[in-house]
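This is what each chain is made of:
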Amino acid sequence: MAALLEVLPGLFQVFGIGHMYAGNVATGLFIMFGYWAVAFVNFLLLFLFIGWITWPLCWIAAMIISPLIAANACKSR
């Protein structure tokens, strides 16, 4: 369930909800605001054209790593 709560909102660039569900509220908020900070930097990089490469790569990395970490956090409880 935690992995699903990471993937579905992650489609809309919101990560960390699965971590909050797993009981790691601080980690979830860190991931949420941290991803938004990275997305903002990538938005600024769009004007230099490198952002067209880095933003999708960051999103794909977050879509893979965040659900795995959330699922493992749920298993350990």
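Our subject is the structure that appears above.
Residues numbered from 1 in each chain as written. Predicted model: local features only at pLDDT ≥ 70, side-chain atom pairs only at ≥ 80, totals over all residues. Heavy atoms only, no water.

Caption draft 1: Highlighting the packing of aromatic side chains. Per the counting criterion, the structure on display carries 3 aromatic pairs. Ring plane angle 75° and centroid distance 5.4 Å describe the contact between Phe-33 and Trp-36, whose orientation is recorded as edge-to-face. Taken together, the residues span about one helical turn, with Phe-33 and Trp-36 both in helix H3 (residues 25-45) at a distance of 3 residues. Taking relative accessible area as the criterion, Trp-36 reaches 38% and is therefore assigned partly exposed. When the ring of Phe-43 is compared with that of Phe-47, the centres are 5.7 Å apart and the planes differ by 80°; the resulting orientation is edge-to-face. The exposure class assigned to Phe-43 is partly exposed, which follows from its relative accessible area of 39%. (Phe/Tyr/Trp six-rings, centres within 6.5 Å; stacked < 30°, edge-to-face > 60°. Helix = DSSP H or I, 4+ residues; strand = E, 2+ residues; numbered from the N terminus. Buried < 20%, exposed > 50% of the residue type's maximum accessible area, 1.4 Å probe, protein only.)

Caption draft 2: Layout of the side chain of His-19. Relative to the assigned elements, His-19 resides in helix H2 (residues 17-21). Accessibility expressed as a relative area gives 0% for His-19, which makes it buried. Ignoring sequence-local partners within four residues, the contact set of His-19 consists of Glu-6, Asn-24, Val-25, Thr-27, Gly-28, Ile-31, Ser-66, Ile-69 and Ala-70. (Contact = heavy atoms within 4.5 Å.)

Interpretation in functional terms is not warranted from these geometric data alone.
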